[in-house]
Amino acid sequence: MSHPLGIRRRPGRAAVLPALIALGLTATACGGGEPEPEESGSAAAGGSATEVAAPIVTTYDGGIYVIDGETFEVVEDIPLEGFNRLNPAGDGRHVLVSTSTGFRVLDAVGAELTDVEFEASKPGHAVHHADRTVLFADGTGEITVFDPADLGDGLPETETHTTEHAHHGVAVRLADGSMVVTLGDEEERPGIQVRDANGEEITRNEDCPGVHGEATAKDEAVVIGCETGVLIYQDGEITKVDSPDEYGRIGNQAGHEESQYVLGDYKTDPDAELERPERVSVVDTASGELELVDLGTSYSFRSLARGPHGEGLILGTDGAIHVIDMEKAEVTDTIPVIGEWEEPIEWQQPRPTIFVRDHTAYVTDPGEKRLYAVDIESGEITSEMELPEASNEITGVTG
């Protein structure tokens, strides 16, 4: 039986085990939308004494749910109008909520949407790496860098940079203070520039049409997606890895900082209103090789994740998590979780989404208004819950 959002009903299963302790991984998300912020009940009341264990945070149309990772219960329902996006801030406690005016700080452990906000026109990517979090404002091209350890007592000290033109971009700060920054304007995004700690250009590459997304792999290899493959920046050099097809777009990636492999999507139809690919890409940052893996099912841009041992995880439209051995570039297991679903045309619309924290994969089923916790190694659903409203984005912190 079909349901709203193109999501089909999940087949019945036996009752699941009681909730287990939720465990941790950071994720980045591509920004967008024009939300209008409102005060949350807890923030408007002057703060909250609530302490949430290993919080999971989801958005819905009209607000945000903060969920206790141990009891699997909604602890706080925070009203917030508009299309809002989520990114872990990088300190294990806070989440950055992209609104129409900037990146607003949510204290997930305290279950409170604070008044602290990093102002940004069209807030986009938020990337945490090497003890720094970098925010990119698509509307101005401004880059904001801060230490997430300084969150919790007002707006932390920030460092700002600018790009030549505003564009939908991303920046990654490396351990030595250098930074990988996308190049582009409103018409095109051709590649990346690398700046040293003083902001001077080290190198650039403009052989990357439609540059989009980022991931960091072992030994600080930074991978940036292109419509013709990827760029890899490592040790002062940029390497172009070409797609096997003339148009082979990799726009969303998932990295693991102990793995030399990066998982990416893969699309080959430049004219499609919405392509539903059935192959994913695996990039070896050490050898510069790119391999494609056939899943036998399609997926969406919110389907990519990495497991605790660096394995690739893809939530397919068949309702299963497909586990990929990244070194062999092959599917080694499938874990059934929800029913079949179809990706909606509009990218802002809810669709099943995967978020991974340590050994647990959290999978949303917005058509059924449910959330599942899955033990990646055993394949068992360890917890599940019903949500009051259909969830959209999901993230979490360790607490």
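Here we summarise the structure given alongside this text. Please read all numbers here as calculations on a predicted model, not as lab measurements. (Residues numbered from 1 in each chain as written. Predicted model: local features only at pLDDT ≥ 70, side-chain atom pairs only at ≥ 80, totals over all residues. Heavy atoms only, no water.)

Some thoughts on the overall build of the protein chain
- If you tally the helices and strands in the protein chain, you get one helix and 32 strands.
- In the protein chain, which comprises 399 residues, the proportion classed as buried is 58%.
- Put simply, the protein chain shows about 16,000 Å² of open surface, and 41% of that area lies on carbon and sulfur atoms. (Helix = DSSP H or I, 4+ residues; strand = E, 2+ residues; numbered from the N terminus. Buried < 20%, exposed > 50% of the residue type's maximum accessible area, 1.4 Å probe, protein only. Areas by Shrake-Rupley, 256 points an atom, 1.4 Å probe, with all protein chains shown as cover.)

Observations concerning the sheet that holds strand 21 (residues 261–264)
- Spatially, 20-21-22-23 is the arrangement adopted by the four strands of the open sheet, whose pairing is antiparallel. Sheet topology places strand 20 (253–254) and strand 23 (289–294) at the edges, where each strand pairs with a single neighbour.
- Looking at chain direction, strand 20 and strand 21 are connected through two bridges and run antiparallel. The residue of strand 21 that forms the bridge with glutamine 253 is glycine 264. (Pairing = 2+ DSSP bridges.)

Here's the deal with the pattern of salt bridges
- Going through the model one piece at a time under the given rule, you end up with 15 salt bridges.
- With its nearest N and O atoms 3.7 Å apart, the salt bridge here joins arginine 104 to aspartate 115. Pair noted here: arginine 104 is in strand 6 (residues 102–107) and aspartate 115 is in strand 7 (residues 112–119), with a separation of 11 residues, a long-range link.
- Among the residues examined, aspartate 115 registers a relative accessible area of 57% and is labelled exposed.
- Each of Glu51, Arg93 and Asp107 takes part in salt bridges that share partners, so that together they form one network. (Salt bridge = Lys/Arg side-chain N within 4 Å of Asp/Glu carboxyl O.)

Notes on the side chain of serine 303
- Looking at where serine 303 falls in the secondary structure, it is placed in the loop between strand 23 and strand 24 (304–306).
- Polar side-chain contacts of serine 303 include one of 2.9 Å to the backbone nitrogen of serine 300.
- Only 2.8 Å separates the side chain of serine 303 from the backbone oxygen of leucine 315, close enough to count as a polar contact.
- If we skip the residues at most four places from it in the chain, serine 303 touches Leu313, Ile314, Leu315, Trp341 and Ile354. (Polar contact = N/O pair within 3.5 Å; in protein donor to acceptor, adjacent residues only side chain to side chain. Contact = heavy atoms within 4.5 Å.)

Observations regarding the state of the cysteines
- For the coordinates displayed, the defined rule picks out one disulfide.
- Between the sulfur atoms of cysteine 208 and its disulfide partner cysteine 226 the distance amounts to 2.0 Å. Where cysteine 208 bonds to cysteine 226 through sulfur, the torsion about that S-S bond is close to -100°, and the disulfide is left-handed. Linking cysteine 208 in the loop between strand 15 (201–205) and strand 16 (212–217) with cysteine 226 in strand 17 (residues 221–226), this pair joins segments that are 18 residues apart in sequence. Just as cysteine 208 is buried, cysteine 226 falls in that class too. (Disulfide = S-S within 2.5 Å.)

What about the nonpolar core?
- Formed by 17 residues in total, the largest nonpolar core has its most connected members in Leu313, Ile321, Val337, Ile354, Val356, Ala361 and Val363.
- Listed by contribution, the elements that provide at least two residues to this core are strand 25 (312–315), strand 26 (320–325), strand 28 (354–357), strand 29 (360–365) and strand 30 (370–375). (Core = buried A, V, L, I, M, F, W, Y, C linked by side-chain atoms within 4.5 Å.)

So, the environment of phenylalanine 103
- Within the secondary structure, phenylalanine 103 is located in strand 6.
- The sequence separation of phenylalanine 103 and glutamate 119 amounts to 16 residues, and the corresponding C-alpha distance is 6.4 Å.
- With sequence-adjacent residues up to four places away left out, phenylalanine 103 is seen in contact with Val97, Ser98, Val116, Glu117, Phe118, Ala120, Pro123, Gly124, His125, Ala126, Leu135 and Phe136.

Topic: the pairing of strand 31 (residues 381–386)
- Of the strand pairs in this sheet, strand 30 and strand 31 are connected by five bridges, and their pairing is antiparallel. What sits directly across from valine 374, in strand 31, is isoleucine 381.
- Taking the residues between adjacent antiparallel strands as the criterion, strand 30 and strand 31 are bridged by five residues, where glycine 379 takes a positive phi near 80°.

Concerning the packing of aromatic side chains
- Counted by the stated rule, this structure contains six aromatic pairs.
- Ring centres of phenylalanine 83 and tryptophan 347 lie 5.4 Å apart, and the angle between their planes is 85°; on these two criteria the pair is classed as edge-to-face. Remark: tryptophan 347 occurs in the loop between strand 27 (330–336) and strand 28 and phenylalanine 83 occurs in the loop between strand 3 (73–79) and strand 4 (85–88); sequence separation between them is 264 residues.
- According to the relative accessible area criterion, phenylalanine 83 is buried, its value standing at 17%.
- According to the relative accessible area criterion, tryptophan 347 is partly exposed, its value standing at 32%. (Phe/Tyr/Trp six-rings, centres within 6.5 Å; stacked < 30°, edge-to-face > 60°.)

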